[in-house]
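The chain contents come next:
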Amino acid sequence: MKQIAVISGKGGTGKSSISAAFATLNGEVVIADCDVDAANLYLLFKPSDEEEESFISGYKAVINYEKCSGCGLCLNYCRFDAISSQNNRVIIDEISCDGCFLCSRICPENAIKMVPNDKSRLYSGSFKNGRLVYGRLAPGEENSGKLVNMVREKTKQVSEKFDLGTVILDGPPGIGCPVISTITGVDKVIIVTEPTISGLHDLKRAAEIVLKSDRKPSVIINKWDLNAEMTDQIHEWCNQNGIKVAGLIPFDKKMVEAMVQGKTIIEFDKTNVISMELKRIWNETINDK
Amino acid sequence: MIKIAIASGKGGTGKTFVATNIFHSLMQNNVDAILVDCDAEAPNAAAFFKTRQTGSFEVTKLVPVINADSCTFCGKCHEYCNFNAIFILPPMKIINVIEDLCHGCGACSVACRYDAITEKPVSLGIVKFYSVNDKPVLIEARMNVGVMSPVPVLKAAIKQINDKAEIAILDSPPGTACPFIQTVSASDYVILVTEPTPFGLSDLKQSIDTLKKIDKPFGVIINRAGLGNKDIYKWLKNNNIAILAEVPFSQEIAHIYSEGRLIADSDKNYEIQFYNICNWIKQELNDEVLMK
């Protein structure tokens, strides 16, 4: 199994469009949408025969007021500012609650129950270029890293079951837990950036996270011609840090037009400059030892 | 004071673009405003202003330190830990804390009956204060690279908002999960920035579902108008959701942003438009209070 992860640091640089394009280049693949906060690939690939599993993202403390004596002991123990008391009535703020169980354990009246957040889902299905695995975190829930791990585990099973050796992981933005879960143990990490000061700033942080795991990412500069000078700066930074620039993708409205039609750029216009460049980058990435 | 969060489900739709331009427009119009960069994983707002750092403090969590001499390997702390942060092998007399997994809740200390657990602070990130034009108006949450969650750092930054200011603009992290919720729930109004593409619309719907659940008023700014298709307009109209503004897609705006400059600085019309958006929101919030 060869696993390629696509991440970005900064959001909206084109991770999903590029991962999706890679998935439709040749042969069959497994593609995993690890952006469980805002999954999008299923919109593009419209998978069929979907399987669904539920995922418990955490727990929330709920008070049983018939038992609560209002003693306020839980207030002293909570480190997340989630519990307050108004007119002797203890209130738990669902948004701040971390689900650590401590209040439920120390409550002398046994008045606090921990309720699982079980609205998040894991899906897997087939599309015309192979299999798609994705997670959808229910709004406001946390622990997307754990759901990403579940997506990764399912991806591995699917890859073995259907004998599909190539796995593409479309990562979430940022550099936190879900990103770390996306890149752990993969063979290659591609960082997609854009020629803006924010793009470069976030590229540096994303590269740091990859370098921490003793690997070197490669970089795609998307929409490079929106600011050629910034592109040069990014290029220079990559050179100084021994990071390979895998390729430059120009800005082209066709990328958006393709998405609107529910297609990847490869499906939309095979001979477009972007399609050709992505094909070259992919072949180089996959053949690189 | 009014707190306005600038958020989006999808990343890269232009949250920071809108937040920095609104903030600039408010300052130009002598409004006492603060900008809080809550996107602790990728904080970029400060780069758009001439800033001077005026202070900072570290955000930490308390993680357990287990004294193996007093530990009886009873396993109570492991049982209390809901995050699998304590690894224990009693027959081998091995007990370890996996600091990355620890949420710093303190449950293990409560569990231990042998006084074997003390705590030490571990850095999660830093909250920085900057002045712009010699006014202390910018707060930035910056998570350390390798830390699991931006939430403690961004919560610490939000706590620093001085309530005496007139308006605080909170640049939210992307997504609809915990970091987003923490930012928007601290705000009075949310501006959702989206783009007229299928991905933009799908993520916008998810953000709106979340905001409706927590009963937060919001409006939408469509960025890069002219790209993509009209589906988003139809959907917003059918759902009776206000479009606060549209920013057209233009190579020039993209270029200005890429250099860390502000369109509201180079084009007075944008300054007026962004300023007016805030006035409109203020009015809207006032009306809402009156309705109640």
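Residues numbered from 1 in each chain as written. Chains lettered and ligands numbered in written order. Predicted model: local features only at pLDDT ≥ 70, side-chain atom pairs only at ≥ 80, totals over all residues. Heavy atoms only, no water.

A. Region of the structure containing the packing of helix H1 (residues 15-23) of chain A against helix H11 (residues 273-287) of chain A. All names here are of chain A. Put simply, H1 and H11 touch, their axes get as near as 10 Å, and they point 75° apart. Judged on the interaxial angle alone, H11 and H1 are roughly perpendicular. Contacts between H1 and H11 involve Ile 18, Ala 21 and Phe 22 from the first element and Leu 278, Ile 281 and Trp 282 from the second. A class-by-class count of the residues in the contact of H1 with H11 yields 6 nonpolar, no polar and no charged. (Axes fitted to C-alpha atoms, helices over the stretch in contact; angles between N-to-C directions. Helix = DSSP H or I, 4+ residues; strand = E, 2+ residues; numbered from the N terminus. Parallel < 35°, antiparallel > 145°, perpendicular 65-115°, else oblique. Contact = heavy atoms within 4.5 Å. Nonpolar A, V, L, I, M, F, W, Y, C, P; charged D, E, K, R; others polar.)

B. Main features of the sheet that holds strand S6 (residues 117-132) of chain B. All names here are of chain B. The strand order across the open sheet built from 9 strands is S3-S6-S7-S2-S8-S1-S9-S10-S11, with neighbouring strands paired in mixed fashion. The strands lining the two open edges of the sheet, one partner per strand, are strand S3 (51-66) and strand S11 (243-248). For this sheet, the mean angle separating the axes of adjacent strands, direction not counted, is 20°. Sheet topology places strand S10 (residues 218-225) next to S11; 5 bridges connect them, and they run parallel. Within S11, the position partnered with Asn 223 by the bridge is Val 247. Of the strands in this sheet, strand S9 (189-194) and S10 are in contact with helix H6 (residues 198-213), which crosses S9 at around 170°. Of the strands in this sheet, strand S1 (2-7), strand S8 (167-171), S9, S10 and S11 are in contact with helix H10 (residues 268-291), which crosses S11 at around 165°. (Pairing = 2+ DSSP bridges.)

C. Spotlight on helix H7 (residues 197-212) of chain A. All names here are of chain A. Compared with an ideal rise of 1.5 Å per residue, which puts 16 residues at 22 Å, H7 spans 23 Å between its outermost C-alpha atoms and is within 8% of the ideal. The set of residues buried in H7 consists of Ser 198, Gly 199, Leu 200, Asp 202, Leu 203, Arg 205, Ala 206, Ala 207, Ile 209 and Val 210. Following H7 by one or two positions, Asp 214 has its phi on the positive side, about 60°. (Expected span 1.5 Å × (residues − 1). Buried < 20%, exposed > 50% of the residue type's maximum accessible area, 1.4 Å probe, protein only.)

D. How the structure looks around the packing of H6 of chain B against helix H7 (residues 231-238) of chain B. Residue and element names in this part refer to chain B. Between H6 and H7, whose axes approach to 10 Å, the crossing angle comes to 25°. When the interaxial angle is binned, H6 and H7 end up roughly parallel. Helix-helix and strand crossings are classified by hand; for H6 and H7 the assignment is right-handed. Across from Gly 200, Leu 201, Leu 204, Lys 205 and Ile 208 in H6, the residues of H7 making contact are Asp 231, Ile 232, Trp 235 and Leu 236. When grouped by side-chain class, the residues that make up the contact of H6 with H7 number 6 nonpolar, 1 polar and 2 charged. (Left-handed = near helix turned anticlockwise from the far one by under 90°.)

E. Quick peek at the packing of aromatic side chains. Counting across every chain of the model gives 12 aromatic pairs over all chains. Arranged with centres 4.9 Å apart and planes meeting at 20°, the rings of Tyr 123 of chain A and Tyr 134 of chain A form a pair that is stacked. Pair noted here: Tyr 123 of chain A is in strand S8 (residues 120-127) and Tyr 134 of chain A is in strand S9 (residues 130-136), with a separation of 11 residues, a long-range link. The same class applies to Tyr 123 of chain A and to Tyr 134 of chain A, which are both buried. Here a set of aromatic residues connected by ring pairs shows up, and it is made of Phe 17, Phe 48, Tyr 257, Tyr 270 and Phe 274 of chain B. Over the ring of Tyr 80 of chain B we find Arg 105 of chain A; its NZ or CZ atom is 4.5 Å from the centre of that ring. Positioned over the ring face of Tyr 233 of chain B is Lys 230 of chain B, at 4.8 Å from the centre of the ring. (Phe/Tyr/Trp six-rings, centres within 6.5 Å; stacked < 30°, edge-to-face > 60°. Lys NZ or Arg CZ within 6 Å of the ring centre and 35° of its normal.)

F. Structural view of the interface of chain A and chain B. At the junction of the two partners, chain A supplies 56 residues and chain B supplies 59 residues. Of the roughly 4,900 Å² buried at the junction of chain A and chain B (both faces included), carbon and sulfur atoms supply 59%. Counting every contact that joins chain A to chain B gives 2 salt bridges. Between Arg 79 of chain A and Glu 119 of chain B there is a salt bridge whose closest N-O contact spans 2.9 Å. Our enumeration of links across chain A and chain B arrives at 31 residue pairs in polar contact (both at pLDDT 80 or more). Those elements that place two or more of their residues in the side of chain A that touches chain B are helix H2 (41-45), helix H4 (102-106), helix H6 (177-183), H7 and helix H9 (254-260) of chain A. The class makeup of the residues in the side of chain A that touches chain B is 28 nonpolar, 14 polar and 14 charged. (Buried area = accessible area lost by both parts, 1.4 Å probe. Salt bridge = Lys/Arg side-chain N within 4 Å of Asp/Glu carboxyl O. Polar contact = N/O pair within 3.5 Å; in protein donor to acceptor, adjacent residues only side chain to side chain.)

G. Highlighting the domain arrangement of chain A. All names here are of chain A. Along its sequence, chain A is organised into domain 1 (2-56 + 119-287) and domain 2 (58-117). In this structure, domain 1 and domain 2 have C-alpha centres spaced 40 Å apart. Of the roughly 450 Å² buried at the junction of domain 1 and domain 2 (both faces included), carbon and sulfur atoms supply 45%. A per-residue breakdown of the area domain 1 buries against domain 2 is headed by Ile 56, Glu 141 and Glu 142, which together make up 85% of the total. Put simply, domain 1 and domain 2 have 0 residue pairs in polar contact (both at pLDDT 80 or more) between them. Grouping the constituent residues of the side of domain 1 that touches domain 2 by class yields 2 nonpolar, no polar and 3 charged. (Domains from an automatic or database assignment.)

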